[in-house]
Amino acid sequence: MTGAEPKVTLDLALEAGLTADEYDRILSRLGREPTYAELGLFSALWSEHCAYKHSRVFLSRLPQSGPHVLQGPGENAGAIDIGDGWAVVFKIESHNHPSFIEPFQGAATGVGGILRDIFTMGARPIAILDSLRFGELDEPKVRELVTGVVSGISWYGNCFGCPTVGGEIAFAPEYAGNPLVNVMCVGLVRADQIFRARAEGPGNPVFYVGNKTGRDGIHGATMASATFDEHAEERRPTVQVGDPFTEKLLLEACLEVMRTGAVIGIQDMGAAGLACCTSEMPARSGTGMDVELSRVPQRETGMTPYEILLSESQERMLLVAARGREEEVRGVFAKWELDAVEIGRVTDGGELTARLRGEIVARVPVDLLAEAPKYRKPTAEPSWLAEHRAFDPLSLPEPGDYGAALVQLLRSPTIASKEWAFRQYDQQVGINTLVLPGSDAAVLRVKGTRRALAVSTDGNGRQVFLDPRQGAAMAVCEAARNVSCSGGEPRGVTDCLNFGSPERPEILWQFAEAIEGIALACRALDLPVVGGNVSFYNETSGRAILPTPVIGVVGVLDDAGRRATQWFKGAGHRVALLGPDQVSLGGSEYLWARWGRLAGALAPLDLETERRVQAAVRAAVSAGLVTAAHDCSEGGAAVALAEGCVTGRELVGCVAALTADARADLALFGEGPSRAVVTVEAARAREFEALMAESAIPWRWIGTTGGERLVIRIGTRILVDVDTAQLEQAWRTGFERHVA
Amino acid sequence: MRFGVVVFPGTWSDCDFHYVVSEVLHQPVRYVWHRERELRELDCVILPGGFSYGDYLRAGAVAGRSPVVEALRDFVAGGGLVLGSCNGFQILCEAGLLPGVLTRNECLQYRCQSSHLVVENVDTPFTRGLRPGQVLTMPISHGEGKYYADAETLARLKQHNLIVFRYAEADGRITKQSNPNGSLDNIAGVVNPEGTVLGMMPHPERASEAAMGGTDGLLMFQSLLGSLVEDGSFLKR
Amino acid sequence: MKARVLVRLKPGIMDVQGAAVKRALAGLGFSELNDLRVGKVIDIDMNEPTPEGARARVGEMCRQLLANPILEDYTIETVDDLAPRGAAR
Amino acid sequence: MKARVLVRLKPGIMDVQGAAVKRALAGLGFSELNDLRVGKVIDIDMNEPTPEGARARVGEMCRQLLANPILEDYTIETVDDLAPRGAAR
Ligand SMILES: Nc1ncnc2c1ncn2[C@@H]1O[C@H](COP(=O)(O)OP(=O)(O)O)[C@@H](O)[C@H]1O
Ligand SMILES: [Mg+2]
């Protein structure tokens, strides 16, 4: 074996991020010391990022199957049947750490990675959603991060040609040293033409396709230590740089080559690059792989086997073709001016063999690489949580001016309009987007059918912080409710779980609880989780982010014409508030924006009520009864009403009355699950009432649209009476004024 | 009318134009690969939006020197019609088939939004079904759409009425606020002196169905089809 | 004083622009290219009497804004270095 | 042979990016700037033995692709011009 690389010792293994036990396990399975390249394989594939060592035992709690599931977790992305022979393929992924180091390229390559996950399945990406969390905007560093991340997403998605149709941006000091950049992608494929990351048929050729390999992103954190670097002073850049143009060519070439029938399996080279593909693909198929590293197209000279195996250069795929059909594969990639090089073949015997000019540099059983140890580390409820939760927000004084408090909330960057971001995103390429960003969920038609898809992402770190189980369940409910309010029936979930270090019992407790919550909500709403991503270690100097599960939901509208948007459509429509009355200021945006406090208890969640409210909203939308439907979440009923007034093309006023049995600020700004505001033309009020009675949900009429002001009263007391233009101004500029 | 939609590496509005021509207008249409030189059987060639060759050096620069664009010169000389939208407009300018150049948006950001266009020239096959001064609503989606030409060229454009669309308010007033990218004189689209090559930054294909939020783009396609019927002179050969 | 800053991607960082331009030139018949990389040139005219002073201030500008230290290297040339030496249009 | 092309906006063409960078630098306290413009530098490594030959070919590249004559001027420097000051020409 090659002598150019250092001899492997326990110390080196520890430096590579393995534990002594793990190293022992490798020694005993191999029956010898691993080579340097082999150690690299283990270090990468047994890393938390690739192997989910700390999360796997918990993730198994999530419901993953259902009548519509075509592909659950375990492949590059999940797939759900949507009827008419079509399937949606979707997944969400994080790129938090790279985006903090280099916001533009980090976010851009995040988009690139998730797009590849979708099109390796044979699906054409039709929508991107970006869910972002940052520290507070008064810090210049945060503003730089925001502009860098948004322009990176804009550049990659726009150049590639997939519309960005939704997402979120929220702010909290806990994200200052660790922003979250989660990107979801949705693709469409014929249900019987889904491709998988398999390496079947010993003897079949293995092709490397796409961009050349450089020294990008070789996990510098572990092994690129000064000891082995001849030029320690010019530290190797580990940042990956995106190339959306090549990715677009790769998309077209992959979809075209898949149509030839010559492709057996394909996987994108994401984390741990070639090492990951050459072990995972055969491991899934009970085969092995024998590859010649010198054939890998390289951008730089003198790359070592270690570097070639572990490079995370972007826009690359590994493809297994049917023997005898190599020319077809080469032909398609040549047409798109991309490298497609046969670097090896599928073998039997279950080993990955990597060679450099014939000489073996690594030979490892693929099941050993693919089966990293799993851990169930201790969990413990944080000692401080009870105290946070015990706080009673009603011990704080009421605001003197409720109208001003509402304006302040609308101006809060988390609630304010995100148009500054999404107008930098192409939202329409593909001409499918029926509802653009700015409503509860984006709606995209499925050409050639009457159907449409509704998609949304949601997650509220504050609620999860105070009550991980219920907060995470509420995130599922909110994302699904956004889809339901648009008229879509939620069909599937993808989740991105952003947490601190799992080695701390209280963080792992948050994680475990959050998964329980997601599982409970998904069961209640009949939603399978078909894919997702775990991002741990989101902390700086011991300070973790708010625990932030981000939930992506995809729903189906059987009739694309029967959809709803959130803004009021004109005067004289009756306004109804659906869902329970019980709300809380605990963990609310109001408590944060006004008092800077993150404390209190959440309003209770009843999943059966949630299910029924969503079904009722959908029934009303699909019966064509509602003129607007809007989820009632951050900022409570007052903000939901104000958004109805100001988020459409024209301002529409509203007069509404809330219940008198609670304190005024609680009634106005209190947050609780399972609620939505809908408007109904007066002439159809009876029909709507009948439908609500049938749905057996709590609801009531609260007002009428019209005029130029938003007026909210409780009993005879007028609490809010503000010009819609003033509300709009606050909402439109609240975020943009910080970044423009 | 036989349409061709050109596909460069990096083009992305190709499928959208193809869809509108075949599914909305029910006209024959085929994709034209960027290496093709044979365009004679077509009546109208569309250069769609996208990021041809990544737009890495300058938008449209590399595509503007490709075989199909070279072939366009003969095609145009033979009376063929060419519509370039978004990246297609950038390519036509880079190729010298239209005067001027498109540069980075003045705000230095990409912009995807609805825009209003006032129609200045209805003497082209693309606009003959419209009224002078008519206001159209169409989306834009670009990072490099700021039209620039030197003073002499601008004077010539005006003198020969070669400016077809200008960014405007909903009521047709030309204002600085309605100019989304800082284009010279709010220029959104120009045509060659023969009226047969139109370049525009907005996306008519995204405004060709009511479900997509408007049909003003369709008016241009209908003008095109109308021109074929009414006036044989727009037929080439 | 005039100064010129050249900002270029660090060696090893993939230059997507350069690769695309190189390919395009090859397509136009320029087959003699071994390598082509695209960077930025920033021409500065500043109130600063000495080349040393200019160099120091511009270096500060590079560190604070003009170059991204993770991806880019920079070189600074002041009027001295820029004196004509046969560079032709 | 190595060559370097500087592509810059023609004088008189507004440089929005340059203006934005200048503003940002002023915001950081660099008040001594009179003017700042941003252009491109293209570094070429080519199979061409003579500076004259390189200059001619690169000129051709500029005319055909690298610069847009409506907007941009270009300057070509070959290895001679790039040699460190004081080194033999
Ligand atoms: N980063 C973003 N990218 C695209 N769209 C966004 C982004 N942030 C917010 N949006 C859009 O703005 C609208 C409001 O977002 P949000 O306040 O999260 O709504 P809700 O509270 O109803 O979930 C949604 O349509 C959402 O998709
Ligand atoms: Mg939300």
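Below is a short write-up of the structure. (Residues numbered from 1 in each chain as written. Chains lettered and ligands numbered in written order. Predicted model: local features only at pLDDT ≥ 70, side-chain atom pairs only at ≥ 80, totals over all residues. Heavy atoms only, no water.)

In this section: the sheet that holds strand β15 (residues 442-445) of chain A. All names here are of chain A. With mixed pairing, the six strands of this open sheet are ordered in space as β14-β15-β16-β21-β17-β18. Two strands bound the open sheet, and with one partner strand each, they are β14 (433-435) and β18 (529-535). The mean inter-strand angle of the sheet, taken between neighbouring strand axes irrespective of direction, is 25 degrees. Alignment of strand β16 (residues 452-458) against strand β21 (residues 548-557), held across seven bridges, turns out to be antiparallel. Directly across from Leu453, in β21, lies its bridge partner Val556. Against the sheet, helix α18 (residues 468-485) touches β16, β17 (489-498) and β21, its axis set at about 30 degrees to β21. (Pairing = 2+ DSSP bridges. Helix = DSSP H or I, 4+ residues; strand = E, 2+ residues; numbered from the N terminus. Axes fitted to C-alpha atoms, helices over the stretch in contact; angles between N-to-C directions. Contact = heavy atoms within 4.5 Å.)

On the side of chain C, nine residues touch chain A, which itself brings 15 residues to the contact. For the chain A and chain C pair, buried surface summed over both sides reaches about 1,100 Å², with 66% attributable to carbon and sulfur atoms. Taken together, the links from chain A to chain C amount to zero salt bridges. Tallied by class, the residues present in the side of chain A that touches chain C amount to five nonpolar, three polar and seven charged. (Buried area = accessible area lost by both parts, 1.4 Å probe. Salt bridge = Lys/Arg side-chain N within 4 Å of Asp/Glu carboxyl O. Nonpolar A, V, L, I, M, F, W, Y, C, P; charged D, E, K, R; others polar.)

Here we come to the pairing of strand β26 (residues 699-705) of chain A. Residue and element names in this part refer to chain A. Relative to β26, strand β22 (residues 573-578) is paired through five bridges, and the arrangement is antiparallel. Within the sheet, the bridge partner assigned to Ala576 lies in β26 and is Trp701. Here strand β24 (residues 654-658) pairs with β26 via three bridges, running antiparallel. Looking at β26, one finds that Ala656 is bridged to Gly703.

Residue and element names in this part refer to chain A. Pairing is mixed across the open sheet formed by seven strands, whose spatial order is β23-β25-β22-β26-β24-β27-β28. Edge positions in the sheet fall to β23 (626-631) and β28 (717-723), since each has one partner strand and no second. Ignoring strand direction, the axes of neighbouring strands in this sheet form an average angle of 20 degrees. The pairing of β23 with strand β25 (residues 676-681) spans five bridges and is antiparallel. Note that in β25 the partner of His630 across the bridge is Val677. Sheet strands touched by helix α24 (residues 685-695): β22, β23, β25 and β26. Its angle to β26, the strand with the most contacts, is close to 155 degrees. Strands β27 (709-714) and β28 of the sheet are contacted by helix α25 (residues 724-733), whose axis makes an angle of about 70 degrees with β28.

Residues and elements named next belong to chain A. The environment of ligand 1 is formed by 17 residues, the closest being Asp130, Gly167, Gly438, Ser439 and Asp440. Here Ser439 contributes a backbone N or O atom positioned 2.5 Å from an oxygen atom of ligand 1. Between ligand 1 and Asp458 there is a distance of 3.3 Å, counted from an oxygen atom to a side-chain nitrogen or oxygen. Surface burial for ligand 1 is 88%, taken as the share of its 560 Å² of free accessible area covered by protein chains. For the shell around ligand 1, the secondary structure elements donating two or more residues are β5 (164-171) and α18. Of the residues that constitute the shell around ligand 1, the class distribution is four nonpolar, six polar and seven charged. (Near = heavy atom within 4 Å. Polar contact = N/O pair within 3.5 Å; in protein donor to acceptor, adjacent residues only side chain to side chain. Areas by Shrake-Rupley, 256 points an atom, 1.4 Å probe, with all protein chains shown as cover.)

Before going further, it helps to examine the interface of chain C and chain D. At the interface, 40 residues of chain C touch 44 residues of chain D. Roughly 3,800 Å² of surface becomes buried between chain C and chain D when both sides are summed, with 52% attributable to carbon and sulfur atoms. Linking chain C to chain D there are six salt bridges. A salt bridge links C:Asp43 to D:Arg8, with the nearest nitrogen and oxygen atoms 2.6 Å apart. At the boundary of chain C and chain D, one finds 17 residue pairs in polar contact (both at pLDDT 80 or more). Contributions of two or more residues to the side of chain C that touches chain D are made by β1 (2-9), α1 (16-27), β2 (33-46) and α2 (51-66) of chain C. The greatest single-element share of the side of chain C that touches chain D, amounting to 14 residues, is contributed by β2(C).

Further remarks concern the pattern of salt bridges. Using the criterion set out here, one finds 80 salt bridges over all chains in the structure. Measuring nitrogen to oxygen at the nearest pair gives 3.9 Å for the salt bridge that ties B:Asp185 to B:Arg166. Within this pair, whereas B:Asp185 is found in the loop between β9 (163-168) and β10 (187-191), its partner B:Arg166 is found in strand β9, the two being separated by 19 residues in sequence. Using a relative accessible area of 27% as the deciding quantity, one classes B:Asp185 as partly exposed. Here B:Arg166 falls in the buried class, since its relative accessible area comes to 18%. Taken together, the salt bridges that share partners define one network made up of A:Arg215, A:Asp216, A:Arg299, A:Glu300 and A:Glu307. (Buried < 20%, exposed > 50% of the residue type's maximum accessible area, 1.4 Å probe, protein only.)

What is shown is where atoms sit, not what they do.
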